[in-house]
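Structure at a glance
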Amino acid sequence: MSGPAALPDFLNDLGKRVRGDLRTDAYSQIFYSTDASIYSVKPHGVLIPRDPDDVQAAVEAGARYGIPILARGAGSSLAGQAVNTALVVDVSRHLDGVLEFNPEERWVRVGPGIVLDELNAFLAQAGLQFGPDPASSNRATLGGIVSNNSTGSHSILYGMTADHVLETRVILSDGSRAHFKALSEPELAQRLAAPDLEGRIYRELQTLTAAGAGTIRAGTPRHWRRCGGYNLDRLIPALPGENGGTVPSFWLSAPGGFNLAGLVCGAEGTLAVIEEIKLNLVPVHRKTALGILHFAGLYEALASVPGILETGPSAVELLDHLGLSRSREVPEYARLIETFVQGDPHCILITEYAGDTEVELHDGLARLARLKLGEGTVELRTPESQARVWQLRKVALGFMMSVRGDFKPIPFIEDAAVPVEHLADYITQIEEFCGGLGTRIGYYAHASAGCLHVRPLVNTKSAEEIAKMPEILSFSAALLGEYGGALSSEHGDGRARSWINERFFGRELYGLYRQTKAVFDPANLFNPGNIVDSPAMTENLRYGPEYRTVPLREHLDFSADLGFAGAVEMCNGAGICRKMTRGTMCPSFMVTREEEHSTRGRANALRAALSGALPVEALTSQRMYEVMDLCIECKACKSECPSGVDMARIKFEFLAHYHEKKPPSLRSRLFAGVPSASRMASGPLAPVANAMLGFGPFKRVLERLTGITSRRDLPKFARRPFSRRSRGADRPDARRVVLFADTVNNYNHPETLAAAHGLLEAAGFDVWVQAGGCCGRPYISKGLYEKAVQAARSTVGDLLPHIAAGIPVVVLEPSCLSAIKDDYLFLLGGEGPVRTVADGIRMFDEFLVELVDRGELGIEFEQDDREVLLHGHCHQKALFGTAATRRMLALTGARVAEVDSGCCGMAGSFGYEAEHYEISQKMGERRLFPAVRAHTGDTAAPGVSCRAQIEHGTGVSAFHPVEILYQRLRK
């Protein structure tokens, strides 16, 4: 028996043969049912292979039982080729190593699951890199990059991935292994004589390409930037005078010529499963500079590209008005964009020059300036300033997708490329055609290569809107044929474009593609329906006209997202939450490497429950609680996800519904009740409370009863809380400021508030202390809606008179400030007194540097140049940034080194919970703990939970920045 009926036998047999994890539960199917495209297809199951032998076992079993196989990395594919009714084999978890590196010969051999940015970080020690740089490089795996034949911003320098693939080791459709590389004539003869599937492939492909060489040359687009169809042109010799239009220079320089590695590249997993890749490497440019050209109109910008290319740039990238506008709405990127964009241009061209000397860079920028293009140019020469630009550019897609509502910029014609001299006219005609359909458009990407990613805004929940998609793609394909362009230039064919390949490439060349597929995969088991024999592009849409969500009584204000379901649907699947190399999002994924623990995984599960893909009761089930459990509410996704997915707010809403079905645990109530407990346990009872909480047997009993880990020391209570020490001097002649005494600093670390109080008094302020209440952060983190609302109303009532009177209110704890400035807006509504308080309160460091900027600080500090290591709190990094903290510390002359440490791992009560302890420690060990251990000076951390985690994990006592400043106050 074979085919779907054999699925139970297939899974049973495979489960006995693999060392890895075979998953067939409904949630795993949901997690892997989407990629970064507009499609959703539930797989048969998911295999997390432990080694290549597990992958081979899956392919062998698939061949025996007739079950399709889909190898997958990060699922960042935009055309839908990473979803299928198949067994998904996720190679990103374990098959991600560097297997061999030869810096002298400039090549590296890797597993298919290694992420490009991680590989390049490893190669940088030798001054080398992999040339193609897709925007998804911070999460895309090399297996996916090779399978897509990806490229990126520097394609005019480095071409396509296929230009750099030297060899591949693959598993063929019968489960046998093959090693594809450039072959000498004796080696080719040996392969041709082999009796196995590999020998048959060589024999039939040699016959096919020899007989079809004319068809291949005639039908293959001449534009060098292409990845659609199969790379049969790389298996035929170049004709005299061909300059790389169909055969790249790298291929011509390789020994031999019949290299099937170039055919596997771009095959989207339809011909073989990749288990190893040998890659050509290129030197990292020593120096670069950017010229940011500002334009008032798109046509003018695109028409300028041919002239810009004559100046010898290494990249020319476009960001349009939609992307620029959306980026200003995401805090992390709003801070970036203001460093290099002047005013409000319609679009910008990011023009890069590379070289080994400053003279080369100067000459490039001078050549650009002589063209006198656009409305102005911003020149950037430092690596830091340029890094901010490229960071913004790499998330341009997410900015476009962050449009609220059902109309989204949809990927289906975004991959086209035309010769640059035709780019402006091509875009104009596309605009006119879409305008005639009433469809708006967004743009971004690689102007230098004639590839402008065009995104029509389509509502894929509307049958009328969906019908426009094949119409628009058909028009685009016809235009590309006229201009000599490519239908797919870096994102592949997938479900979005494969259906039109026969029309675009012509019947004869398409027939050769079908034969190629049949030679490699006669049973059609490798990612079927991609490149050839594809279903209609409108099948298997993630939404579609039948998509509905269940009505939900919402606790928080989701009106800006058109409801809770709309907030969940903001996740477009791009998978930036899977990045590992920098930033904070997503801390739990960074240590578990599980799709379930990414922001995308959580959004997929919630969307499935809301839309009926899971039973409606799943929304408040224990399993959904487990999915949401490792979201530590760091708010990094609100800042770092360019689509602005706010999983912390989504989790609060989820918990509020969950607790209506299942009351909060004793532990949740204890942690949420910390403000009340702190008031009682501090003061005269502090010695007794501290002794009891530090007593080993009591800690172990507490763990058994509540799940609070005995492996940590709970915070000690102060014998004299700060609020009982000072209430302000009430000096009418002095400037007045209100110091918000948060619960933990007030009752556990009064020395921090004392330092802040001392600094403010030294600066000439009459300091009023606002204490006694709680901002509600503990209730918010545990999803206790009613109590959170009560705390929020109380805090707003306490603070409003001060702020309304123009008195500054300053806060030391970032999580308290984030509750007031962010969470309250959704708890109580975003207008009136709530908005007044949110706008009027600020971090202590922000207030202090404002005084410095106005020349009103009036105090001096002892100066020295030692280095202070700064770890920013997650909420601070997400919502406010750490620039003011760095400036405040620098007032002492200190050199501030901020560690890109992500989340410390404590996350309020998370690190105190027994089942989370190990993960909490792994979060700290990723980068924070090693950096602290290696540092010899002071360590600063504004977050009280961060300081506790640092001391627990390293034995080093970290300080709040105000303590460091106060210690150096010149008396």
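The preceding data block contains the structure.
A brief structural summary. Sequence order sets the numbering: in each chain, residues are counted from 1 along the sequence as written. Residue-level local features of this predicted model are given only where pLDDT is at least 70; pairs of side-chain atoms are given and counted only at 80 or more, and the full residue set underlies all totals for whole chains, interfaces and linings. No hydrogens and no water enter the side-chain calculation; it runs on all heavy atoms of the structure.

**Remarks on helix α34 (residues 696–706)**
Keep this limit in mind: Note on classification: 1.4 Å probe, protein chains only; a residue is buried when its accessible area is under 20% of the maximum for its type, exposed when over 50%, partly exposed between these limits. A run of H or I in DSSP becomes a helix once it reaches four residues, and a run of E becomes a strand once it reaches two; helices and strands are each numbered from the N terminus. An arc is given here, and it is the one of the directions from the helix axis to the C-beta atoms. Residue contacts are defined here by distance: any two heavy atoms, one from each residue, within 4.5 Å place the two residues in contact.
All of the buried residues along α34 are Lys699, Leu702 and Thr706. Viewed along the axis of α34, the buried residues span an arc of 60°, placing them on a single side of the element. Of the surrounding elements, those touching the buried residues of α34 are α31 (666–672) and α33 (686–693). Glycine 707 sits one or two residues past α34 and shows a positive phi near 85°.

**Some words on the sheet that holds strand β19 (residues 735–740)**
The condition is simple: DSSP calls a pair of strands paired once it identifies at least 2 bridges connecting them. Working convention: axes come from line fits to C-alpha atoms, limited for helices to the stretch in contact. Angles between N-to-C directions cover 0 to 180 degrees.
With parallel pairing, the four strands of this open sheet are ordered in space as β20-β19-β21-β22. Either end of the sheet is taken by a strand with one partner, and the two such strands are β20 (765–770) and β22 (841–843). The mean angle between the axes of side-by-side strands here comes to 35°, regardless of whether they run parallel or antiparallel. Of the strand pairs in this sheet, strand β21 (residues 809–811) and β22 are connected by three bridges, and their pairing is parallel. Each bridged residue has a counterpart across the sheet, and for valine 810 the counterpart in β22 is arginine 842. Sitting on the sheet, helix α39 (residues 814–827) touches β19, β21 and β22, and the angle it makes with β22 is about 155°. Packing against the sheet, helix α41 (residues 844–853) makes contact with β19, β20, β21 and β22, and its axis sits at approximately 90° to β22.

**Considerations on the packing of helix α1 (residues 7–17) against helix α3 (residues 52–65)**
Operational definition: Any angle from 65 to 115 degrees is called roughly perpendicular, while one under 35 is roughly parallel, one over 145 is roughly antiparallel, and all others are oblique. Crossing handedness is defined as follows: a turn of the near helix away from the far one that is anticlockwise and smaller than a right angle gives a left-handed crossing, while the clockwise case is right-handed. Three classes are used: nonpolar for Ala, Val, Leu, Ile, Met, Phe, Trp, Tyr, Cys and Pro, charged for Asp, Glu, Lys and Arg, and polar for all others, with Gly counted as polar.
Two numbers describe how α1 lies on α3: the axes approach to 10 Å, and their chain directions differ by 155°. With respect to their mutual orientation, α1 and α3 come out roughly antiparallel. In this structure, α1 meets α3 at a crossing whose hand is right-handed. Counting all contacts with α1, which are made through Asp9, Phe10, Asp13, Leu14 and Arg17, the residues of α3 involved are Asp54, Ala57, Ala58, Glu60, Ala61, Gly62, Arg64 and Tyr65. Partitioning the contact of α1 with α3 into residue classes produces six nonpolar, one polar and six charged.

**Remarks on the pattern of salt bridges**
Here is the rule we go by: Any carboxyl oxygen of Asp or Glu that lies within 4 Å of a side-chain nitrogen of Lys or Arg is treated as forming a salt bridge with it.
Counted under the stated rule, the structure contains 65 salt bridges. Put simply, glutamate 626 and arginine 623 hold a salt bridge, and the shortest N to O gap is 3.7 Å. Highlighted residues: glutamate 626 and arginine 623, both in helix α28 (residues 622–629), separated by three residues, approximately one helical turn. Of the residues examined, arginine 623 reaches a relative accessible area of 25% and is grouped as partly exposed. Between arginine 968 and aspartate 864 there is a salt bridge, with its nearest N and O atoms 3.9 Å apart. Of this pair, arginine 968 sits in the segment after α47 (961–967) while aspartate 864 is found in the loop between α41 and β23 (867–870), placing the two residues 104 residues apart along the sequence. Here the residues in one salt-bridge network are Arg404, Asp561, Lys635, Lys638, Asp646, Arg649, Arg777, Asp822 and Asp823, joined through shared partners.

**Brief notes about the packing of aromatic side chains**
For clarity, the cut-off: Pairing of aromatic side chains here covers Phe, Tyr and the six-membered ring of Trp, requires ring centres within 6.5 Å, and sorts the geometry by plane angle: under 30 degrees stacked, over 60 edge-to-face, intermediate tilted. Here, a charge over a ring is recorded when the distance from Lys NZ or Arg CZ to the ring centre is within 6 Å and its angle to the ring normal is within 35 degrees.
Inspection of the entire model under this criterion finds 15 aromatic pairs. When the centroid spacing of 5.4 Å and the interplanar angle of 65° are considered together, the rings of phenylalanine 101 and phenylalanine 122 count as edge-to-face. Here phenylalanine 101, found in strand β5 (residues 98–102), pairs with phenylalanine 122, found in helix α4 (residues 116–123); they are 21 residues apart in sequence, far enough to count as distant. What makes phenylalanine 101 partly exposed here is its relative accessible area of 23%. In this structure phenylalanine 122 comes out as partly exposed when scored by relative accessible area, which is 31%. Clustering of aromatic rings is evident, with ring pairs tying together Phe180, Tyr202, Phe258 and Phe520. A cation over an aromatic ring shows up here: lysine 278 above the ring of tryptophan 107, its NZ or CZ 4.1 Å from the ring centre. Over the face of the ring belonging to tyrosine 27 we find arginine 623, whose NZ or CZ atom lies 4.8 Å from the ring centre.

**Concerning the sheet that holds strand β17 (residues 441–445)**
Ordered by their spatial adjacency, seven strands build an open sheet running β15-β12-β14-β13-β17-β18-β16, and the pairing between neighbours is antiparallel. Where the open sheet ends on each side, the last strands, each with one partner, are β15 (376–380) and β16 (407–409). With strand direction ignored, the average angle separating the axes of adjacent strands in the sheet is 20°. Note that β17 and strand β18 (residues 453–459) share four bridges and pair antiparallel.

**With respect to unusual backbone geometry**
Note that the residue after methionine 585, namely cysteine 586, is joined by a cis bond; omega there is -10°. Looking at the secondary structure, you find cysteine 586 in the loop between α25 (564–569) and α26 (587–592). For arginine 106, which is not a glycine, the phi torsion comes out positive at approximately 60°. For arginine 106, the location among the structural elements is in the loop between β5 and β6 (107–110). Positive phi, normally seen in glycine, also occurs at alanine 907, with a value near 50°. Structurally, alanine 907 can be placed in the loop between β24 (895–898) and α44 (917–926).

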